[in-house]
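Structural characterization, general
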Amino acid sequence: MTGGERAWAPRTAVLAVRAVADGEPTRWYEELWGEAARGQLDLPWSRTAPFPAVAELVAATGPGEGRRAVVVGAGLGADAEHLAVHGWATTAFDVAPSAVDLVTSRYPDSAVDYRVADLLDLPDDLVGVFDLVVEVFTLQALPATVRHRATTAVRSLLAPGGTLLVAQLVRERGAPSPAEPPWPLDEDEVRALATDEVHLDRLERRPLPGSPGGADLWVAVLHRDPPAGAG
Ligand SMILES: C[S@@+](CC[C@H](N)C(=O)[O-])C[C@H]1O[C@@H](n2cnc3c(N)ncnc32)[C@H](O)[C@@H]1O
C-alpha cells in the first residue's frame, strides 16, 4: 500500500458522508479507527502533546488534586494523559471501541479510565460529576443535525461549580455547514453552550496552531453555578 492510500483524512469524507446519509452520524468513527487499528490507515488525530488550550487551562487551574476530569471523544489520549499527569482523576471516553483499544495500547500503564461511551447516549454515571470537562474537536465531528443534542450532552457532564473547555474550528456566521467533516461551529453555536446555570467566562478566536494564515479556532471556557449555599 502507498502512503497516499493510507492517508486517513480522505477516508473520513467517504465514510462520514455514507454514515450521515444512512442517519447514523457516529457509525463511521469505528469504521475509521478499525481500519487504522488493522494498519490499513495512518493513525488519525495522532498528536501526543496536549492541545495548547488544554495545557494552558491545566497550568492556570493548578494540580487536579484528585478532582474529576473527563475528556470527550478522547481519540489517542494526549489531553487525557496530560490531565492525569497533573493530578486529575481522569475519565476519557470515545464512541469507537477501536480508538479505546488503540489508546490503552499506547499508554498501557495509564492512570486514565478509558472507556467506550457515546456522547449522544451518555451512561448515567458520567452525568453531572466532573469538575473539569475537556472537549476538543468532538462537537465539530458530529453533523449539525445532532449539534443541539451533542452540546446539551457536553454541558450535562459538568458537576456544580465545574469548568468546561471547548475548542472548535470557526465557521463564519451564515456560511453553509459543509457536506463532509469537520462541521465547524459559528459563534452563536459556541455561545449556545451557555444556559441559565452554565456561564461563558471567556470566548477567544485564535489561529489554529500549525495552520498559519489558515483556519481559526474558538476557545471557550464556561463554568456551572456552584452548589446552592456554597460560598
Ligand atoms: C476529531 S476527533 C478528535 C479526537 C481528540 N479529541 C483530539 O483532539 O485529538 C473526534 C473524536 O471523537 C470521537 N467521537 C465522535 N463522536 C463521538 C460520540 N458521539 N461520542 C464519543 N466520542 C465520539 C471520535 O471517535 C474521535 O476519536
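**Concerning unusual backbone geometry**
The amide bond that connects P181 to the next residue, P182, takes the cis arrangement and shows omega of -5°. Within the fold, P182 resides in the loop between strand 5 (158–169) and helix 8 (187–191). Its identity as a non-glycine residue notwithstanding, E65 has a phi of 50°, on the positive side. Relative to the helices and strands, E65 resides in the loop between helix 4 (52–61) and strand 1 (68–72). A residue is classified by how much of its surface remains accessible, and E65, at 70% relative accessible area, is exposed.

**Section: the site of the ligand**
Around the ligand there are 18 residues in total, and R47, G73, D94, D118 and L119 lie nearest to it. One of the side-chain nitrogen or oxygen atoms of R47 is found 2.9 Å away from an oxygen atom of the ligand. L119 has a polar backbone atom sitting 2.8 Å from a nitrogen atom of the ligand. If you list the elements that add at least two residues to the shell around the ligand, you get helix 3 (27–37) and strand 2 (89–94). Its residues assigned to classes, the shell around the ligand shows 11 nonpolar, 4 polar and 3 charged.

**Quick notes on the sheet that holds strand 5**
The strand order across the open sheet built from 7 strands is 3-2-1-4-5-7-6, with neighbouring strands paired in mixed fashion. Pairing within the sheet leaves two strands with one partner each, and these edge strands are strand 3 (113–116) and strand 6 (198–207). Neighbouring strand axes in the sheet, compared pairwise and without regard to direction, differ in orientation by 15° on average.

**Description of the packing of helix 3 against helix 6 (residues 97–106)**
It is at 7 Å that the axes of helix 3 and helix 6 come closest, and there the two elements cross at 40°. When the axis of helix 3 is compared with that of helix 6, the two are oblique. Here E30, W33, G34 and A37 of helix 3 lie close against helix 6, whose contacting residues are P97, S98, A99 and L102. Class assignment of the residues belonging to the contact of helix 3 with helix 6 gives a composition of 5 nonpolar, 2 polar and 1 charged.

**Notes on the environment of D196**
As for its position among the elements, D196 is in the loop between helix 8 and strand 6. When its relative accessible area of 74% is taken as the criterion, D196 is described as exposed.

**Quick look at the pairing of strand 2**
Of all 6 residues in strand 2, 5 are buried, a share of seventy percent or more. Where the polypeptide runs from strand 1 across helix 5 (residues 78–85) and back to strand 2, its parallel neighbour, the crossover connection is right-handed. Taken together, the 4 bridges between strand 2 and strand 3 define a ladder with parallel strand orientation. Among the inter-strand pairings, F93 is bridged to a residue of strand 3, identified as R115. On the question of chirality, the crossover connecting strand 2 to the parallel strand 3 by way of helix 6 is right-handed.

Parameters at a glance
Positions within a chain are numbered from 1, following the residues in the order the chain's sequence is written. It should be noted that, the model being predicted, local features are given only for residues of pLDDT at least 70 and side-chain atom pairs only at 80 or more, the latter also being counted only at that level, while totals for whole chains, interfaces and linings use all residues. Calculated side-chain values reflect all of the structure's heavy atoms, with hydrogen atoms and water omitted. Strands are runs of DSSP state E lasting at least two residues, helices are runs of H or I lasting at least four, and both sets are numbered from the N terminus onward. Think of it in three bands: residues with accessible area under 20% of the maximum for their type are buried, residues over 50% are exposed, and the middle band is partly exposed, with areas taken using a 1.4 Å probe on protein chains only. Only heavy atoms are used to decide nearness, and a residue is near a molecule or strand if one of them lies within 4 Å of it. Counted as a polar contact is a pair of N or O atoms within 3.5 Å, where, for protein atoms, one must be capable of donating a hydrogen and the other of accepting one, and residues adjacent in sequence contribute only when both atoms are in side chains. In this classification, the charged set is Asp, Glu, Lys and Arg, the nonpolar set is Ala, Val, Leu, Ile, Met, Phe, Trp, Tyr, Cys and Pro, and all remaining amino acids, among them Gly, are polar. Paired strands are those between which DSSP finds at least two bridges. Whenever a helix is involved, its axis is fitted only over the stretch in contact; in every case the axis is a line through C-alpha atoms, and angles between N-to-C directions fall within 0 to 180 degrees. Any angle that is under 35 degrees is reported as roughly parallel, and any over 145 degrees as roughly antiparallel; angles of 65 to 115 degrees are reported as roughly perpendicular and all others as oblique. Residue contacts follow a heavy-atom distance rule, with two residues in contact if any of their heavy atoms lie within 4.5 Å. Here, the term right-handed applies to a crossover whose path from the first strand over the helix to the second runs clockwise when the strands point away from the viewer.

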